[in-house]
Amino acid sequence: MRAVTRNASRTLVRPLKNTLGARCLATQSNASSGLSLPTAPSTRYTAVSHPENASSVTPKVQALLDRSDAYILPVYARPPIVLQRGKGSYVWDVEGREYLDFSAGIAVNALGHADEGVIETMRTAASNLLHTSNVYHNEHASKLAELLITLTQAEGGLGWTPGSSQSWSSGSSGAKVFFANTGTEANEGALKIARKVGKARWAEKTGMSWDDASCDKHEIVCFERSFHGRSMGALSVTSNPKYQKPFMPLIPGVKVGRLNEQEALKTLVDDKTCAVIVEPIQGEGGINAADVEWLCALRKRCDEVGAVLIYDEIQCGLYRTGYIWAHSTFPADAQPDMVTTAKPLANGYPIGAVLMRDSVAEVMTAGTHGTTFGGSPLACALGFHVLSRLSDKAFVANVRDTGGYLQERLGLLTHWFPNILENKVRGRGLILGLGFKNASHPGRVVEMARERGVLLLTAGADAVRLVPSLNIGAGEVGHAMEVVESVLHVLNEE
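Residues numbered from 1 in each chain as written. Predicted model: local features only at pLDDT ≥ 70, side-chain atom pairs only at ≥ 80, totals over all residues. Heavy atoms only, no water.

Time to look at the overall build of the protein chain. Within the protein chain, the regular secondary structure consists of 14 helices and 19 strands. Oriented by its inertia axes, the alpha-carbon framework of the protein chain measures out at about 75 × 55 × 45 Å. Expressed as a percentage of its 494 residues, the buried residues of the protein chain come to 52%. Restricting the contact set of the protein chain to residue pairs at least 6 apart, pairs at least 24 apart contribute 74%. Each charge class in the protein chain was averaged separately, 49 positive and 49 negative side chains, and the resulting centres sit 3 Å apart. (Helix = DSSP H or I, 4+ residues; strand = E, 2+ residues; numbered from the N terminus. Buried < 20%, exposed > 50% of the residue type's maximum accessible area, 1.4 Å probe, protein only. Contact = heavy atoms within 4.5 Å. Lys, Arg positive; Asp, Glu negative; His and termini not counted. Charge placed at Lys NZ, Arg CZ, Asp CG, Glu CD.)

Structure (structure tokens):
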């Protein structure tokens, strides 16, 4: 682990809550980390160390960029660097320059880069059975599905309170899993299943056939600043004109609400609604958290009209908040019928999953949904290995401690740079965001940090997102924060 270097005069040994009080801790009920905190922002990284101007691009890098321009669809706006290898929380470009990766492949690399356990699991699984399709069973898919469900029962989620369990000897575990390849595909599957549930519930209520042309229980509700994927179905519930307009018309029957607006639920969710999809903590949209009270009201409204409630935890789930799901600690009446997951499940190898209560799963029969690659032996072997490690109690404790320390450090920034930053840190655990008063600043901060060797992400129109690997150390957190402090200092001086 790289040590954090600080000026001795800047170090404060007592915890943050004794200096800035509840103001910086109000967004999360973490206890203080107990780690040393600085008394003033660092300025040791004000100078650019990883330049990206045209004159700094070497012929070797330019040749690689030119090849990309010639052969790859130009749908990504990328900086003029070419990454070559990684280890732990660090990556290196083809020029040998080192970067601290505080983006983790957009919240994917939970165990960092080039993890030895992941490598060995991949080697072993691939040398035995790489792919079979879902025409046949494989030994790894059911093991991973069981682990996902039993961890959810034990730790809370999908309607279970912590400490729950249910034997599958009776023929059911209480929930089912469908494996896909990506988060987008997981959301597509969830929406399809919810549509089928809606038709079945309409048929039961009316006494008519589910496929009758008069069935109107097919509408889907989503929320502003959400992000659920780029395919046509998932895009239709991703309420962002920038993403949607070029591809209209999208699928019909989608209604858009606002997060945490409780009174509007009465008209937003009605008898025509078959599904409501929401992120407990919006990732791409700005690290905006749904209030538990609002989720309780949403759950109640879904029950009143017979709608399926879907939580998209593709970015905020699988221990990123310090719990298996962001909703694990919520009361049962604020929990979903379905939850989708993907990003960290196999530490970078493509896999997605939909977990659903039996009351939802019962409408799905052979042939109603499927995938060629989803649930492959390799993907599921990797998923089982990664999830087994993420759920280890010592690992989870470290996520919570490190997340608490990172939030304390970010809380200091809101105190030091009130002209630039909002006074509240967004998010929980290791999915955190800094809100900016000037919408032009997040992109600049990400660029300036990268030019000083730290990789960050934007989120929405006004935030910088921090989603490092879940095994990130306090030393790496300290280094990243010193770079951010230096960047904000430069920005403040302009």
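Let us look at the nonpolar core. In summary, soluble globular proteins display a tendency toward joint burial of nonpolar side chains. Counting residues in hydrophobic clusters, the biggest one holds 93 residues, and the most contacted among them are Phe102, Leu298, Leu413 and Leu488. By residue number, the principal contributor to this core is helix H12 (residues 393-416), which donates nine residues. The residues contacting Phe102, other than those within four sequence positions of it, are Leu406, Val454, Leu455, Leu456, Leu466, Val467, Pro468, Ile472, Glu476, Val477 and Ala480. Ala186, Ala194, Ile277 and Val360 belong to the second largest nonpolar core, which has 22 residues in total. (Core = buried A, V, L, I, M, F, W, Y, C linked by side-chain atoms within 4.5 Å.)

The subject of this paragraph is the sheet that holds strand E8 (residues 254-257). Here we have seven strands laid out as an open sheet, ordered E6-E14-E13-E12-E9-E7-E8, and mixed in their pairing. Pairing within the sheet leaves two strands with one partner each, and these edge strands are strand E6 (175-180) and E8. Each strand of the sheet is rotated relative to its neighbour by a mean of 20°, with strand direction disregarded. The sheet contact formed by strand E13 (residues 338-341) and strand E14 (residues 352-357) spans four bridges and is antiparallel. What sits directly across from Val339, in E14, is Leu355. Contacts from helix H4 (residues 139-155) reach E6 and E14, with the element oriented near 130° to E6. Strands strand E7 (219-223), strand E9 (273-278), strand E12 (308-312) and E14 of the sheet are contacted by helix H9 (residues 292-305), whose axis makes an angle of about 160° with E9. (Pairing = 2+ DSSP bridges. Axes fitted to C-alpha atoms, helices over the stretch in contact; angles between N-to-C directions.)

Turning our eyes to something else, we now look at the sheet that holds strand E18 (residues 457-459). An order of E15-E16-E19-E18 is seen for the four strands of this open sheet, with the pairing classed as antiparallel. In this open sheet, the two strands that pair with only one neighbour each are strand E15 (421-428) and E18. Adjacent strand axes in the sheet meet at a mean angle of 30°, parallel and antiparallel pairs treated alike. In the sheet, strand E16 (residues 431-436) pairs with strand E19 (residues 463-466) via four bridges, with the strands oriented antiparallel. Bridged to Leu434 within E19 is Val464. The strands touched by H12 within the sheet are E15, E16 and E19, with E15 carrying the most contacts at an inclination of about 165°.

Next up on the list: the pattern of salt bridges. Summed over all chains, the structure comprises 20 salt bridges. Lys266 is the salt-bridge partner of Glu263, the closest N and O atoms lying 3.4 Å from each other. Given a relative accessible area of 55%, Lys266 falls into the exposed group. As a salt-bridge pair, Glu422 and Arg426 come within 2.8 Å of each other at their nearest N and O atoms. Classification of Glu422 by relative accessible area gives partly exposed; the value is 25%. Accessibility expressed as a relative area gives 11% for Arg426, which makes it buried. Salt bridges linked by common partners bring Arg299, Asp303, Asp337 and Arg357 together as one network. (Salt bridge = Lys/Arg side-chain N within 4 Å of Asp/Glu carboxyl O.)

Looking at the protein chain as a whole, the pLDDT averages 92, with 92% of positions reaching at least 70. Contacts from residues 1-31, a stretch scored under 50 in pLDDT, to residues over four places away or in other chains number 79 contacts. (pLDDT = per-residue confidence, 0-100.)

Axis separation between helix H13 (residues 441-450) and helix H14 (residues 474-493) bottoms out at 10 Å; the angle between their running directions is 125°. Taken together, the axes of H13 and H14 are oblique relative to one another. When the axes of H13 and H14 are compared, the crossing they make is right-handed. Residue-level contacts link His441, Arg444, Val445, Met448 and Ala449 of H13 to Val483, Val487, Leu488, Val490 and Leu491 of H14. Classifying every residue of the contact of H13 with H14 gives eight nonpolar, one polar and one charged. (Parallel < 35°, antiparallel > 145°, perpendicular 65-115°, else oblique. Left-handed = near helix turned anticlockwise from the far one by under 90°. Nonpolar A, V, L, I, M, F, W, Y, C, P; charged D, E, K, R; others polar.)

What follows deals with the side chain of Gln315. Turning to its location among the elements, Gln315 is positioned in the loop between E12 and E13. Among the residues examined, Gln315 registers a relative accessible area of 7% and is labelled buried. Only 2.8 Å separates the side chain of Gln315 from the side chain of Arg465, close enough to count as a polar contact. In this structure, Gln315 is in contact with Ala107, Gly283, Glu284, Arg320, Lys343, Ile431, Arg465 and Val467, ignoring residues within four places of it in sequence. (Polar contact = N/O pair within 3.5 Å; in protein donor to acceptor, adjacent residues only side chain to side chain.)

It is worth spelling out the state of the cysteines at this point. Counted by the stated rule, this structure contains zero disulfides. You can see Cys222 has no disulfide; the closest cysteine sulfur is in Cys274, sitting 12 Å from it. You can see Cys296 has no disulfide; the closest cysteine sulfur is in Cys302, sitting 12 Å from it. (Disulfide = S-S within 2.5 Å.)

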